[in-house]
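Take a look at the letters that make up each chain.
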Amino acid sequence: MINIKTPQEIEDYRAGAGALSKMVLRRVGAMVKPGVTTLELDEVAESLIRMHGAVPAFKGYGGFPASICCSVNNQVVHGIPSAEMRLSEGDIVSVDTGATLGGWVGDNAWTFFCGEPSSEARALCEVTRDCLVAGIKQAVPGNHVGDIGAAVQELAERNGYGVLRDYVGHGVGHVMHEDPTVPNVGRRGRGVKLQVGMVIAIEPMITLGSYEVETMANGWTVVTRDHSLAAHYENTVAITEDGPVIITEDDQGPWCSMQGGVI
Ligand code: MG
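Residues numbered from 1 in each chain as written. Predicted model: local features only at pLDDT ≥ 70, side-chain atom pairs only at ≥ 80, totals over all residues. Heavy atoms only, no water.

1. Considerations on the overall build of the chain
Piece 1. Along its length, the chain carries four helices and 15 strands.
Piece 2. For 263 residues, the compact-globule formula gives about 18 Å, and the C-alpha radius of gyration of the chain, at 17 Å, lands near that figure.
Piece 3. Reported as C-alpha extents along the three principal axes, the dimensions of the chain are approximately 45 × 45 × 35 Å.
Piece 4. Within the chain, the fraction of its 263 residues that count as buried is 55%.
Piece 5. When contacts within the chain are restricted to residue pairs at least 6 apart in sequence, long-range pairs at least 24 apart make up 72% of them.
Piece 6. Roughly 10300 Å² of accessible area belongs to the chain as shown, and the carbon and sulfur atoms make up 51% of that amount. (Helix = DSSP H or I, 4+ residues; strand = E, 2+ residues; numbered from the N terminus. Rg over C-alpha atoms; globule rule 2.2 N^0.38 Å. Buried < 20%, exposed > 50% of the residue type's maximum accessible area, 1.4 Å probe, protein only. Contact = heavy atoms within 4.5 Å. Areas by Shrake-Rupley, 256 points an atom, 1.4 Å probe, with all protein chains shown as cover.)

2. What about the packing of helix H1 (residues 7–29) against helix H2 (residues 38–51)?
Piece 1. In contact at an axis separation of 10 Å, H1 and H2 are set at 150° when each is read in the N-to-C sense. With respect to H2, the element H1 is oriented roughly antiparallel. Where H1 crosses over H2, the two elements pack in a sense that is right-handed. Residue-level inspection shows Leu 20, Met 23, Val 24, Arg 27 and Val 28 of H1 in contact with H2, the latter providing Leu 41, Ala 45, Leu 48 and Ile 49.
Piece 2. For the contact of H1 with H2, the class distribution of residues is eight nonpolar, no polar and one charged. (Axes fitted to C-alpha atoms, helices over the stretch in contact; angles between N-to-C directions. Parallel < 35°, antiparallel > 145°, perpendicular 65-115°, else oblique. Left-handed = near helix turned anticlockwise from the far one by under 90°. Nonpolar A, V, L, I, M, F, W, Y, C, P; charged D, E, K, R; others polar.)

Pasting the structure below:
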């Protein structure tokens, strides 16, 4: 079932859970530097979320053990923060943060550079971010989820990249995963029609190689089967009469610096 939000609900959602989720993402990105462990990123994220009277949306979700997902290099999504995972110069670090506040779930992700990435890694991240922008532009009333998927897929594949099939964007609201699913591949005009008041998480997951992935023995971390690098960018977006409204936006806007260590 697709839940429709009123304009007031959308505004409350953006000002509360959305803004907090983006602020936490920004603050974690500012910590991404060589030598930092992903567990340290998780601890800061959790304390920031709780300090604002919110609850980490991922912790305990389906049994996930941490407050953020932190996926490094060939890890695509759902990386478990760990004291053993120490960031190195040149890593690309995908951080997914979610906070529940006022009954709404904010969900957003960004891939940060740890120091100076390779030119290939930088290009992958820039194109994946542009795929997110292209997808968001399609999030208007009367379009279909297939328009979002097609926009993401066309841009990624034009650059020779792989687009994940097994993991998708999703409706979001009082719970983290609502209808509809929002694939990153598709055909224009196909799939669920977008209506005013729908809120969806658009989240391209793109690789330098094949789109095939597998789950590590920990049961969570999704890695590319060919070990190629992967990037992941996500915003929570409302469909409104005035066009897409990004819910995960703080007082600095909906976008982060890609460079780790920069607020
Ligand atoms: Mg999501």
